[in-house]
Amino acid sequence: MARTIQTAVTGLPAGVETLLDQAAAVCLARAVRLTEIRRLVLGLVLAADRPLGAYDLLEQIRATRGRPVAPPTVYRALDFLMEQGLIHKIERLSAFAGCRHMLESGHACHGHVHAAQFLICGKCGRVTELDDPHILKALLKVTRARGFSVRQTTIEAEGLCAACA
């Protein structure tokens with residue numbers, strides 16, 4: 001089985017393979033399975049230079065595997081990866097980005113508020129994920145004062161990146 005998984009993600013940058021191994025360790029610690037298709041979807045999302053939509057992923061999987069995969073299979077993989085905090089959905093773009101800060105730091109966001117902040121360039125489409133605890137702290141302070149308990153948060157700010165400004 002491990003050989004099949006490695007074959008499914010060949011051609012990915014070495015850094016992405018390291019992140020996939022970290023994701024596998026997170027899943028193992030949580031007693032959930034990072035199946036071949038989940039690993040492949042995560043690898044493609046992490047290797048992309050911008051967020052990918054589900055149909056982009058379907059096309060890349062078809063090209064990678066040499067055969068199509070059913071859309072529900074990809075959507076289930078995306079749902080699993082989001083539940084585990086391994087990817088984020090960028091609502092503004094209806095696309096998915098890897099949760100690199102969690103994977104690179106080895107700090108699993110399981111058991112506390114999973115916060116994501118994104119800067120979206122309206123010109124080139126690049127997305128930068130922030131991991132600013134001050135933003136989360138301010139949001140939690142305001143919501144707690146209103147008796148609201150935050151489980152997950154995604155903040156999206158659209159503008160121009162430094163390269164496009």
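See the structure printed just above.
About the cut-offs
Residues numbered from 1 in each chain as written. Predicted model: local features only at pLDDT ≥ 70, side-chain atom pairs only at ≥ 80, totals over all residues. Heavy atoms only, no water. Helix = DSSP H or I, 4+ residues; strand = E, 2+ residues; numbered from the N terminus. Expected span 1.5 Å × (residues − 1). Buried < 20%, exposed > 50% of the residue type's maximum accessible area, 1.4 Å probe, protein only. Arc of directions from axis to C-beta. Contact = heavy atoms within 4.5 Å. Axes fitted to C-alpha atoms, helices over the stretch in contact; angles between N-to-C directions. Parallel < 35°, antiparallel > 145°, perpendicular 65-115°, else oblique. Left-handed = near helix turned anticlockwise from the far one by under 90°. Nonpolar A, V, L, I, M, F, W, Y, C, P; charged D, E, K, R; others polar. Salt bridge = Lys/Arg side-chain N within 4 Å of Asp/Glu carboxyl O. Polar contact = N/O pair within 3.5 Å; in protein donor to acceptor, adjacent residues only side chain to side chain.

**Q** Requested: an account of unusual backbone geometry, with residues and values cited.
**A** One non-glycine residue with positive phi stands out, namely alanine 31, at about 60 degrees. Tracing the sequence through the fold places alanine 31 in the loop between helix H2 (14-29) and helix H3 (36-47). You will see that serine 94, though not glycine, has its phi angle at about 50 degrees, which is positive. For serine 94, the position within the fold is in the loop between strand S1 (87-90) and strand S2 (95-98).

**Q** Summarise helix H5 (residues 71-83); cite the residues concerned and give the values.
**A** Here H5 is 13 residues long and its end C-alpha atoms lie 18 Å apart, about the 18 Å a rise of 1.5 Å per residue gives. Of the positions making up H5, those classed as buried are Val74, Ala77, Leu78, Phe80 and Leu81. Seen end-on, H5 carries its buried residues on one side only, within an arc spanning 160 degrees. In this structure, H5 carries Arg76 and Glu83 as exposed residues pointing more than 90 degrees from its buried face. Considering only its buried residues, H5 is in contact with H2, H3, helix H4 (54-65), S1 and S2. After H5 finishes, the residue glycine 85 shows a positive phi value of roughly 75 degrees.

**Q** Which residues make up H3, and what values go with them?
**A** Compared with an ideal rise of 1.5 Å per residue, which puts 12 residues at 16 Å, H3 spans 16 Å between its outermost C-alpha atoms and is within 8% of the ideal. Buried within H3 we find Glu36, Ile37, Arg39, Leu40, Val41, Leu42, Gly43, Leu44, Val45 and Leu46.

**Q** Break down the packing of H4 against H5 for me, citing the residues and quoting the values.
**A** H5 packs onto H4 with a crossing angle of 115 degrees between their chain directions and a minimal axis gap of 10 Å. In terms of orientation, H4 lies roughly perpendicular with respect to H5. Judged by the twist between their axes, the crossing of H4 over H5 is right-handed. Side by side, H4 and H5 meet where Ala54, Tyr55, Leu57, Leu58 and Ile61 of the first sit next to Pro71, Val74, Tyr75 and Leu78 of the second. Here the residues of the contact of H4 with H5 sort into nine nonpolar, no polar and no charged.

**Q** Please set out the pattern of salt bridges residue by residue, giving values where relevant.
**A** Considering all chains together, one arrives at six salt bridges under this definition. Notably, a salt bridge pairs glutamate 17 with arginine 39, separated by 3.5 Å at the nearest N-O pair. Here arginine 39 lies in helix H3 and glutamate 17 lies in helix H2, a separation of 22 residues in the sequence. The pair glutamate 17 / arginine 39 is uniform in exposure class, with both members buried. If you follow the salt bridges from partner to partner, you end up with Glu17, Asp21 and Arg39 in one network.

**Q** An account of the side chain of threonine 143 is needed here, citing residue identities and associated values.
**A** As for its position among the elements, threonine 143 is in helix H7 (residues 133-145). Polar contacts involving the side chain of threonine 143 include one to the main-chain carbonyl oxygen of leucine 140, which spans 3.2 Å. Residues within four places of threonine 143 in sequence aside, it is in contact with Phe148 and Val150.

**Q** Could you give an account of the environment of valine 150, with specific residues and numbers?
**A** In this structure, valine 150 sits in the loop between H7 and strand S5 (152-159). For valine 150 and alanine 115, which are 35 residues apart along the polypeptide, the C-alpha to C-alpha distance reads 9.6 Å.

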